[in-house]
Structure formats: structure tokens, C-alpha cells
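Reading the structure
Spelled out from the first residue to the last, the chains are:
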Amino acid sequence: MPANGLDSGRRAAAVLVVVLGAAALWRGTGSRSTADASQKVMSAAMAEARERAAANDPRLKGSYRFDRGGWLYVHLEGEPGALGYQHGYLLAPEIEDAFAAVRAQMTHSTERDWEFFRKAAHDMLWPKIDAEYQQELQGIVDGLRARTGSKLDVYDIVAFNAFEELPDYYVPWYNKAHPVAQAPMGSGPAPDLKSPGNCSAFVATGSWTKDHQIVIAHNNWTSYLNGERWRIMFDITPAHGHRILMDGFPGVIASDDDFGINSEGLMVTETTITQFEGWNPEGKAEFVRARKALQYASSIDEYTRIMLDGNNGGYANDWLLGDRKTGEIAQLELGLNAYKLWRTKDGVFAGSNWARDPKVLKLDTPQFDPNDLETSPNARRVRWDELLNENKGQIDVALAQQMLSDHADSFAQKEQPDERTLCGHSDLSQRGVQVWAWGAFYPGGAVQGKTTDSAMTKEMRLIARAGHPCGGDFLAKPFLAAHPEYDWQAPYLRDMKAGPWTEFRSGEPQPKH
């Protein structure tokens, strides 16, 4: 027997001895406390045995994870089922934790129980998911169960993957189609749900940048409850399609705040369209289309085609795109009833959650007022115009990091971190962001930042910062003490401390300890 097989056999035997000994102790005592302790020993030993057995699964071949700069770098490779298994196994603790937090937020905001979302996943989303992504999602479940004995099934994971589209796009549409006098889980009226406004971003090229090549940058705006967990750096080498380097969320197959590059030179990010309305139940989930586009598109035209195919209106975004091979950039404003594609080899596109195409504004965001400069999307639009024009011809990755950290409030005309600054801190603002249904001092804002350029993309590299791009920390305990209205988040809300700006590249070897 090989030495490693002998060692594994010895470990398994040792575990068995512990399990049998604990069982004997449990049977041989009348003490409830001793029995409980023995049961815990048995459970722990069985979990260890399960995990050791799963670690030898050939589907894990080539995969690994390591920590750096506040991020978890996760390398996945192989066929769809293996990609999912590796994802579920390597990130099992993080997925269980993130699932609990997301489930709490989805059910709280919509006043719908989790079974409602499972049904939507089973009946509406799953049948339209490409076979390879069905295999990957099932693989996540299999990896989770192998590592932890998780009770989650594939419909839990599908609903979880759709956490950016089901609660804020599908549920408002569903509520209009099935009006009720009161909230399904409460005694008051049904909640007034609004599509989110996530992220500040830009892409520039030509005379706008220092080297006349593409620079792209993005910070993710979301709740701190989710944002503190949005710290995975996925390096994916699929058996089919292009290699991917993207940030992401545990258990989700797309980046979902959407910053990524692929080995064909595509550079991708987005910002959400504020006050978007609409849903097509016959369409394909956005998280599937976004993952497919990053994995298979080799050009701006191909990316656009994949995103349009089966568009369900979920998580409607302004996509900011760059093609390293041509130096061309584009903005795809993807509504449900209308869309617009702008492109240039000498210019800049910025996003901060506002639509600009007249047709999209009329048909998909009828309540949004582009002239209200006091609200977050428009105030940040003004600041992007100021910053980008002031720095025309000087924009590079270093300057992009500074821009993502900016605290100038264009409406108040002063430096103060709040809901109107590019590096958002809504928890510091009594105004909240009403167009997103964020109340006063809502614990949300910019939760991380990323940037890259053409030269870095050629080498599959990017730079990222976990936590506020400005480097500030959010501390949960004093926040909750000052704002008890958010006590429902207490079991899930954690400190969000900023890490350093950190470079990552595709194919990084696992550090040796």
C-alpha cells in the first residue's frame, strides 16, 4: 500500500476508534450531560471522517484556496460538475454562512418565506438554465454535502444564486400580478420593493488614459451584511470556453457584482439601473447569462448577444465592456423593453446606477428622475463627470484606485463620506437612499473595489481591495447599538475591515507554508 494510503487508513481507523468509544460511553451512562457530550464527540468524529473521505475525491484535482489581503483566492478547473464540486467543497463553510445571511435578508425584505423562492427556482429558473450550469450548480450541492453534510439542495442553491434578481425584480412583478391586501408574512401592507442601485464604475480608452489603452474600475455597492462576505477571487479554468478571473460571492457561479476578465481579452463590469421595473418569467436567469457571457464571449458583440438571449429583466444593468485586443470600449444599457449599445475607441463610459437612453428611461425606469441631483445615482454621475474630465489623459490603474475611494459629495459641495460619494457610506447618512428603499443610516455602501488595464488583462491580472475602497472600517457592534432598528441583522452583520490594495493573477500557485 502507498504511504499516503497507509496514513489515510490509519487516520480512518483512529476516527473509528473514537466513534466506537464515544458510542460505548453514551450507552454505558445514565448521565444526560455525559450522553450529550458523547453525542457531540460522535458527530465531530463522523464529520471528520466524511471530510477526509471527500478530500480524496478525484473531482477536487487541481483545485485549491488561499487567503490574501482580506480575499479568498479560489482556483477551480475542469468539467462543469467538477467546477461545482470544487466550489462547494472548498468554500463549504463560507457558503453555509452566506446562505443564512442572504436567506434572512431576502425573506425579511419581501416578507415571503424561503419556500416561495425555492418554488420560483424549481418552476421558473431551473428549466431554462443551460445544462452545463445545471451540472455546476448540482456540483456545488454535492461538494457542500461531502464536506459538511449540508441539507441544502439544488433549488436552494439556484434561489441563492438569484439573490440579486428574485427579491427585487421577480417579487415586485409577482406582487403586481397577484395583489394581496397585506404582506404574506406580516399584518401590514405588502412591502414597497425597489430594484437596487449597486456600484460606481467606469471604463476609458484612447486619449482619456495615460497609455491610450483601456482602464476599467468598479466598486461594489450593497448591504454590508452581504458585502463583508463578497470577498472571493475566483480563478476558473473551465473545460469549455475561456479562462476567467473575477471577484465573487461564495456559492454563486457568476461574479454577481460583475467585475471580471477572460483569456480572450474581454474586460467586464456593470452598475445597476435604479428604479427598474419589469420581469419576464419565460426568460433566462441573469446570473446564468452573465456567467455564460464572461466564459464564452470573445468580443463586445458576442457579449451583447449572450446577454440579450433570454433576457428576463432580472438585475438590469448598464454593462461597461472593454476588448483588450482592439482597444474598444462599450456601454450596454440592458433594459427589458429596450436597450442601447454605445461603443468607442476614444472615450469614457461611467456608471452609478442611472439610465441614460430615452427609450430605456421611458419604458423600463418610468419613476426615475435624471434631473434630481440630490439623489445618490445622479450625484455620483456629476462627480464622475468632474473626475474623469479633470484627469483626461492621466487615467491609469493607480488613479482609478483613488477615484474609487473618492468622498466628494457633488450636491453638498464638500468632502464627506455619505450615500452620494463614489465610495459610498450610507450608514453615515440620515437621508438614506429612498430610490432604493434604503432607510436612514442603512448599513450599506461601497464594500470593495477592483481595477485593471489592457496590459494587466493580457497577463490575466487585476488589483482589488476588500472593504471600503477608501480604507475605512465598518464596525457592527457600535453601529447596532446606535441604530437598533437594524437589530434583525445582528446575527449576520459583521465588522467589515478594509484590506490593502492587492494584486491577483490567474494561475497563481498555492502558497507554501
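The antiparallel open sheet is built from six strands, whose spatial order is β12-β3-β4-β15-β16-β17. The sheet is open, and its two edges are formed by β12 (347-351) and β17 (502-505), each paired on a single side. Averaged over all neighbouring strand pairs, the angle between strand axes comes to 20°, with direction disregarded. Sheet contacts for helix α13 (residues 376-390): β3 (200-205), β4 (215-223) and β12; angle to β3, the most-contacted strand, approximately 30°.

Counted under the stated rule, the structure contains 30 salt bridges. Asp396 is the salt-bridge partner of Lys210, the closest N and O atoms lying 3.8 Å from each other. Note that Lys210 is positioned in the loop between β3 and β4 and Asp396 in the loop between α13 and α14 (397-404), a separation of 186 residues in sequence. Its relative accessible area of 22% is what places Asp396 among the partly exposed residues. Note that Glu503 is salt-bridged to Arg505, the shortest N-O span being 3.8 Å.

Between its terminal C-alpha atoms helix α5 (residues 114-125) stretches 15 Å, which fits the 16 Å expected from twelve residues at 1.5 Å a residue. Those residues of α5 lying buried are Trp114, Phe116, Phe117, Arg118, Ala120, Ala121, Met124 and Leu125.

Take the pairing of strand β11 (residues 339-344) next. Side-chain direction in a regular strand flips from residue to residue, so the side chains alternate between the two faces of the sheet. As paired strands, strand β10 (residues 328-334) and β11 are joined by six bridges and run antiparallel to one another. Across the sheet, the residue bridging to Leu332 is Leu341, located in β11. As consecutive antiparallel partners, β10 and β11 are separated by four residues.

This part is about the nonpolar core. Core analysis: the largest hydrophobic core is formed by 82 residues, its most contacted members being Leu137, Val158, Phe160, Leu166, Phe287, Tyr303 and Trp319. Ranked by the residues each element gives to this core, the list is headed by α5, at seven residues. Beyond its immediate sequence surroundings of up to four residues, Tyr303 is in contact with Leu266, Val268, Ala290, Ala293, Leu294, Ala297, Trp319 and Leu321. If you look at the next biggest cluster of nonpolar residues, it comprises 22 residues, including Tyr64, Phe66, Tyr73 and Met460.

So, about the pairing of strand β9 (residues 317-323). Burial within β9 is extensive, with seven of its seven residues counted as buried. Neither face of β9 is left uncovered, since the one carrying Asn317, Trp319, Leu321 and Asp323 and the one carrying Asp318, Leu320 and Gly322 both have all their residues buried. When strand β8 (residues 266-272) meets β9, the two strands line up antiparallel, connected through seven bridges. Considered in β9, the bridge of Met267 is made with Gly322. For β9 and β10, the ladder comprises six bridges, and the chain directions are antiparallel. Its bridge partner lying in β10, Gly322 is registered against Ile329. Counting the residues that bridge the hairpin from β9 to β10 gives four residues, and of these Gly327 lies at a positive phi of roughly 80°.

Let's shift gears to the side chain of Asp168. Mapped onto the elements of the fold, Asp168 is located in helix α8 (residues 166-177). Ignoring sequence-local partners within four residues, the contact set of Asp168 consists of Lys194, Ser195 and Pro196.

What counts, and where the lines are drawn
Residues numbered from 1 in each chain as written. Predicted model: local features only at pLDDT ≥ 70, side-chain atom pairs only at ≥ 80, totals over all residues. Heavy atoms only, no water. Pairing = 2+ DSSP bridges. Helix = DSSP H or I, 4+ residues; strand = E, 2+ residues; numbered from the N terminus. Axes fitted to C-alpha atoms, helices over the stretch in contact; angles between N-to-C directions. Contact = heavy atoms within 4.5 Å. Salt bridge = Lys/Arg side-chain N within 4 Å of Asp/Glu carboxyl O. Buried < 20%, exposed > 50% of the residue type's maximum accessible area, 1.4 Å probe, protein only. Expected span 1.5 Å × (residues − 1). Core = buried A, V, L, I, M, F, W, Y, C linked by side-chain atoms within 4.5 Å.

Function cannot be inferred from these measures alone, as they are strictly geometric.
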